[in-house]
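Take a look at the letters that make up each chain.
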Amino acid sequence: MSENPTNRKSIGIDLGTTFCAVAHIDAYGKPQIIPNAESERITPSVILFDGTNAVVGTVAKQNAVAEPDKIVDFIKREMGKSKSQFSRAFGGKVYSAEELSAVILRKLKSDAEKYLGEQVTDAVITVPAYFNDAERTATLHAGQLAGLNVLQIINEPTSAALAYGLDKLDQDQTV
């Protein structure tokens, strides 16, 4: 028996170069930012590899100066590149940009699930309008590696226009 898609929880993710944000549509039909586990509305796009553990967010960012050899940041700039063009090794494993982005996306997914009190299955992820096909495909694959059913990769300006339009639906929509 297939799952009813209307019972699945979807989120929107801004997977940013320096910060990420996650949102959902609340019970009143309004988009709302989901705070992370640290009660912050945005999560730094920074990973600290401490042995076999990967720490994402503020703690990682705070340790960037003290332990630069254990930090990865600005990953978004490397999306779409092969492992031979960009990779980082931690704990004996070599990570591509999309694998590193998946680490960040897993944290965002987990934080959303904790906040919402339910499993998150689907996501729309925003990318810059200038992203090429390889960068978009890498972002899609990162979402899949993070355990998300990526419904769509959408341009950031398009996302802004859609959000603006959602607010206007009740006020002046004509048929």
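As the structure is a computational prediction, the values presented were derived from the model and not from experiment. (Residues numbered from 1 in each chain as written. Predicted model: local features only at pLDDT ≥ 70, side-chain atom pairs only at ≥ 80, totals over all residues. Heavy atoms only, no water.)

1. Observations concerning the confidence of the model for the protein chain
Mean pLDDT over the protein chain works out to 90, with 90% of the residues at or above the 70 mark. By mean pLDDT, the top-scoring element of the protein chain is strand β4 (residues 43-44) (98), and the lowest-scoring one is helix α4 (residues 156-172) (71). (pLDDT = per-residue confidence, 0-100. Helix = DSSP H or I, 4+ residues; strand = E, 2+ residues; numbered from the N terminus.)

2. Let's talk about the nonpolar core
Core analysis: the largest hydrophobic core is formed by 35 residues, its most contacted members being Ile-11, Ile-13, Ile-47, Leu-100, Ile-104 and Leu-105. Here this core gets 9 residues from one element, more than from any other, and that element is helix α2 (residues 97-116). Apart from the residues lying within four places of it in its own chain, the contact partners of Leu-100 are Ile-47, Phe-49, Val-72, Ile-75, Phe-86, Arg-88 and Tyr-95. (Core = buried A, V, L, I, M, F, W, Y, C linked by side-chain atoms within 4.5 Å. Buried < 20%, exposed > 50% of the residue type's maximum accessible area, 1.4 Å probe, protein only. Contact = heavy atoms within 4.5 Å.)

3. As for the side chain of Lys-107
Secondary-structure assignment places Lys-107 in helix α2. Residue Lys-107 is classed as buried on the basis of its relative accessible area, which comes to 14%. A polar contact is formed between the side chain of Lys-107 and the side chain of Glu-38, at a distance of 3.1 Å. Excluding residues within four positions of it along the chain, Lys-107 makes contact with Asn-36, Ala-37, Glu-38, Thr-43 and Val-56. (Polar contact = N/O pair within 3.5 Å; in protein donor to acceptor, adjacent residues only side chain to side chain.)

4. As for the environment of Gly-16
Inspection of the secondary structure assignment puts Gly-16 in the loop between β1 (9-15) and β2 (19-25). Sequence spacing of Gly-16 and Ile-75 is 59 residues, and the spatial spacing of their C-alpha atoms is 9.0 Å. Not counting the four nearest positions on each side in its chain, Gly-16 is found in contact with Ser-45 and Lys-76.

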